[in-house]
Amino acid sequence: MTGLMVCVAVLVAASAYGLLHTRRGGRLKVRGRDGEVTLGADRLGARLGERATLVQFSSAFCQPCRATRRILADVAGMVDGVAHVEIDAEAQLGLVRDLHILRTPTVLVLDAEGRIVRRAAGLPRKADVIAAVGEAVASAG
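Worth saying up front: this structure is predicted, and the values here are computed from it rather than measured.

Draft legend 1. Region of interest: unusual backbone geometry. For the peptide bond that leads from Thr104 to Pro105, omega is 0°, which places it in the cis range. Checked against the element boundaries, Pro105 lands in the loop between α4 (93-98) and β3 (106-111). Residue His100 is not a glycine yet carries a positive backbone phi of 55°. Relative to the helices and strands, His100 is located in the loop between α4 and β3.

Draft legend 2. Representation of the pattern of salt bridges in the model. A complete count under the given rule lists 7 salt bridges for this structure. Salt-bridge contacts for Asp98 lead to Arg43; the nearest nitrogen and oxygen are separated by 2.8 Å. Placement of Asp98 in helix α4 and of Arg43 in helix α2 (residues 41-44) is noted, with a sequence separation of 55 residues between them. The class of Arg43 is partly exposed, set by a relative accessible area of 34%. With a closest N to O distance of 3.0 Å, Asp128 and Arg125 form a salt bridge. On the accessibility criterion, Arg125 (55% relative accessible area) is exposed. Ionic contacts of the salt-bridge type, sharing partners, join the residues Asp111, Glu113 and Arg115 into one network.

Draft legend 3. Fine view of the pairing of β3. Within β3, 6 of the 6 residues are buried, which leaves the element mostly enclosed by the surrounding structure. Two strands pair when backbone bridges link them, and strand β1 (residues 52-58) and β3 are joined in this way by 6 bridges, in the antiparallel orientation. Following the sheet pairing, Phe57 is matched in β3 by Thr106. In this structure, β3 lies alongside strand β4 (residues 116-121), joined through 5 bridges in antiparallel fashion. Bridge pairing in β4 places Leu110 opposite Ile116. Taken together, β3 and the strand that follows it, β4, pair antiparallel across an intervening segment of 4 residues, in which Gly114 is found at a positive phi of about 90°.

Draft legend 4. Layout of the sheet that holds β4. Taken together, 4 strands build an open sheet; the order of strands is β2-β1-β3-β4 and the sheet is mixed. Where the open sheet ends on each side, the last strands, each with one partner, are β2 (82-88) and β4. Averaged over neighbouring strand pairs, the angle between their axes works out to 15° when direction is ignored. Its contacts with the sheet place helix α3 (residues 63-78) against β1, β2 and β3, and it is angled at close to 170° to β1.

Draft legend 5. Region of the structure containing the nonpolar core. Counting residues in each nonpolar core, the largest one holds 15 residues, and the members touching the most others are Ala52, Leu54, Val82, Val109, Val129 and Val133. For this core, the secondary structure elements donating two or more residues are β1, α3, β3 and α5 (126-140). No other element matches the 5 residues that α5 contributes to this core. Among the nonpolar cores identified, the runner-up in size contains 14 residues, and Ile87, Leu95, Ile101 and Leu110 belong to it.

Draft legend 6. Local environment of the state of the cysteines. This model, assessed by the stated rule, comprises 1 disulfide. The disulfide partner of Cys62 is Cys65, and the S-S distance across this bridge is 2.2 Å. Residues Cys62 and Cys65 are joined by a disulfide whose S-S torsion is about 90°; by sign, that bridge is right-handed. When sorted by exposure, Cys62 lands in the same class as Cys65, which is buried.

Parameters and conventions
- Residues numbered from 1 in each chain as written.
- Predicted model: local features only at pLDDT ≥ 70, side-chain atom pairs only at ≥ 80, totals over all residues.
- Heavy atoms only, no water.
- Helix = DSSP H or I, 4+ residues; strand = E, 2+ residues; numbered from the N terminus.
- Salt bridge = Lys/Arg side-chain N within 4 Å of Asp/Glu carboxyl O.
- Buried < 20%, exposed > 50% of the residue type's maximum accessible area, 1.4 Å probe, protein only.
- Pairing = 2+ DSSP bridges.
- Axes fitted to C-alpha atoms, helices over the stretch in contact; angles between N-to-C directions.
- Contact = heavy atoms within 4.5 Å.
- Core = buried A, V, L, I, M, F, W, Y, C linked by side-chain atoms within 4.5 Å.
- Disulfide = S-S within 2.5 Å.

Honestly, that's just the spatial picture; any functional story needs more than this.
Set out below in structure tokens:
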């Protein structure tokens, strides 16, 4: 009986952790020192958008990265001056370490100067990306 209770307790704890992790994943938020970091075309390997840039860190076998790519491309296509840059996390390990990228996909929303305005680890919601782009555009001008 004790073994069964331990098993049930472990399952409950794992389920609670999974639900919390899922709910928090993909939310665009501000991290403490992100606003101090500026990324330019030299570090990203691509031009910044005139108004904002959506940077996506992906990996080859990441299933949510495909959906994230579609969302970011849609938003970039909706707003003039917004660029979408996708970076292979495995090929850019130095940048991944510098920016504390812990999982893929990770999305960074940059303003026109390349400052990080928001970040999300996991699949972001399209409405949240649009709101973050609006914030990035407003902060630049």
